[in-house]
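Residue-level listing of the chains:
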Amino acid sequence: NAGVTQTPKFRILKIGQSMTLQCTQDMNHNYMYWYRQDPGMGLKLIYYSVGAGITDKGEVPNGYNVSRSTTEDFPLRLELAAPSQTSVYFCASSGAAGANVLTFGAGSRLTVL
Amino acid sequence: AQSVAQPEDQVNVAEGNPLTVKCTYSVSGNPYLFWYVQYPNRGLQFLLKYITGDNLVKGSYGFEAEFNKSQTSFHLKKPSALVSDSALYFCAVRRNTDKLIFGTGTRLQVFP
């Protein structure tokens, strides 16, 4: 089982550029999440989705967009990249909310210069 | 609003000694509590969770955690630390909602 797959693993962007971080899962999970991890700040929730066609904002959604056209895929779009978006991004999925455990991808390290 | 606090940025312990990584939470109602571990350049991995029932929860790699409702704490423990336990540990809380909220993480360093 591949679990949660994120691409790319590393990317350097110039200020103002745009890009999409890809996330796909093969566990038929309804719930998917995007987190960013900054040193000393833990993980902050950017966006999440409870099923295809449904998305909602997390704690830090500004500067990002998401879509969920299929159960498997949950891409994160960065428009007009800024240095403040330099971070490590993690995608995760779970079967449901409540006590369900999240399965994380390996992460995507993004640097904006 | 839900929140989680991990008061220690780093915990240092000698191999073979017991370890404790602290976590306190704030959530109305009955929480679901989790511990995750992150090894360098990897995603987070699930260690254990508390749902209901016995306050002492056992998880992977010999870790356990004690739920204390009166102190709103969920401290992670292990009787005998290993060098390979060195990693970043995250506590997380969820009520019966969609969002899982993480603490800021505690770096555990186990010295030989």
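Every chain is numbered on its own, with residues counted from 1 as its sequence reads. As they are written, the chains are lettered A onward and the ligands numbered 1 onward, keeping that order. For this predicted model, a pLDDT threshold of at least 70 governs which residues receive local features, and a threshold of 80 or more governs which side-chain atom pairs are given and counted, while totals over whole chains, interfaces and linings are taken from all residues. Hydrogens and waters are ignored; side-chain quantities use all the structure's heavy atoms.

**As for the pattern of salt bridges**
All names here are of chain A.
Phase 1 of the analysis: When a carboxyl oxygen of Asp or Glu lies within 4 Å of a side-chain nitrogen of Lys or Arg, that pair is called a salt bridge. Counted under the stated rule, the structure contains five salt bridges over all chains.
Phase 2 of the analysis: Salt-bridge contacts for Asp38 lead to Arg36; the nearest nitrogen and oxygen are separated by 3.0 Å. Note on accessibility: Asp38 and Arg36 belong to one class, buried.
Phase 3 of the analysis: Put simply, Glu79 and Arg77 hold a salt bridge, and the shortest N to O gap is 3.1 Å. For every residue, the accessible area (1.4 Å probe, protein chains only) is compared with the maximum for its type, and the residue is labelled buried under 20%, exposed over 50%, or partly exposed between those bounds.

**Description of the side chain of His75 of chain B**
All names here are of chain B.
Phase 1 of the analysis: Where helices and strands are cited, they refer to DSSP runs of H or I of at least four residues and of E of at least two residues respectively, numbered from the N terminus. With respect to the helices, strands and loops of the structure, His75 is situated in strand β9 (residues 73–78).
Phase 2 of the analysis: Here Cys23 takes part through its backbone nitrogen, which lies 3.0 Å from a polar atom of the side chain of His75.
Phase 3 of the analysis: By the convention used here, residues are in contact when the closest approach between their heavy atoms is within 4.5 Å. When near neighbours in sequence (up to four residues on either side) are disregarded, His75 contacts Thr20, Val21, Lys22, Cys23, Thr24, Trp35, Glu64, Ala65 and Glu66. Here a polar contact is taken to be a pair of N or O atoms separated by no more than 3.5 Å, where protein atoms must pair a possible hydrogen donor with a possible acceptor and residues adjacent in sequence count only if both atoms sit in side chains.

**Observations concerning the sheet that holds strand β3 (residues 19–25) of chain A**
Residue and element names in this part refer to chain A.
Phase 1 of the analysis: What makes two strands pair is DSSP finding at least two bridges between them. Strands sit in the order β1-β3-β8-β7 across an open sheet of four strands; the sheet is antiparallel. Only two strands of the sheet have a single neighbouring strand rather than two, namely β1 (4–7) and β7 (64–66). Between one strand and the next, the sheet's axes are offset by a mean angle of 20 degrees, whatever the strand orientation.
Phase 2 of the analysis: Bridge analysis of β7 against strand β8 (residues 76–78) gives three bridges, and the strand direction is antiparallel. Residue pairing for β8: Asn65 is matched across the bridge by Arg77. Each axis is a line fitted through C-alpha atoms, taken for helices only over the stretch in contact, and angles between the N-to-C directions span 0 to 180 degrees.

**Quick look at the pairing of β3 of chain A**
All names here are of chain A.
Phase 1 of the analysis: Of the two faces of β3, only the one carrying Met19, Leu21, Cys23 and Gln25 is buried; Thr20, Gln22 and Thr24 on the other face are not.
Phase 2 of the analysis: In the sheet, β1 pairs with β3 via four bridges, with the strands oriented antiparallel. The partner of Gln6 across the bridge, within β3, is Cys23.
Phase 3 of the analysis: Bridge count between β3 and β8: three bridges; the pairing is antiparallel. The residue bridging Thr20 from the neighbouring strand is Arg77, located in β8.

**Topic: the state of the cysteines**
Residues and elements named next belong to chain B.
Phase 1 of the analysis: The criterion for a disulfide is a pair of cysteine sulfur atoms lying within 2.5 Å. Enumeration over the complete set of coordinates arrives at two disulfides over all chains.
Phase 2 of the analysis: Note on cysteine connectivity: Cys23 is disulfide-linked to Cys91, with sulfurs 2.0 Å apart. Handedness here is read from the sign of the S-S torsion; for Cys23 and Cys91, about -65 degrees, the answer is left-handed. With a gap of 68 residues between them, Cys23 in the loop between β3 (19–21) and β4 (24–26) and Cys91 in strand β10 (residues 87–94) connect regions that are remote in the sequence.
Phase 3 of the analysis: Using a relative accessible area of 0% as the deciding quantity, one classes Cys91 as buried.

**Looking at the interface of chain B and chain A**
Phase 1 of the analysis: Facing 23 residues of chain B, the contacting portion of chain A comprises 26 residues.
Phase 2 of the analysis: Throughout, buried area stands for the accessible area (probe radius 1.4 Å) lost by two parts on being put together, summed over both. Where chain B abuts chain A, roughly 1700 Å² becomes buried across the two surfaces, and 59% of that area is made up of carbon and sulfur atoms.
Phase 3 of the analysis: Connecting chain B to chain A are zero salt bridges.
Phase 4 of the analysis: Inspection of the region where chain B meets chain A yields five residue pairs in polar contact (both at pLDDT 80 or more).
Phase 5 of the analysis: When residues of the side of chain B that touches chain A are traced back to their parent elements, those giving at least two are β5 (32–38), β6 (44–50), β10 and β11 (101–102) of chain B.

Taken by themselves, the reported measurements are silent on function.
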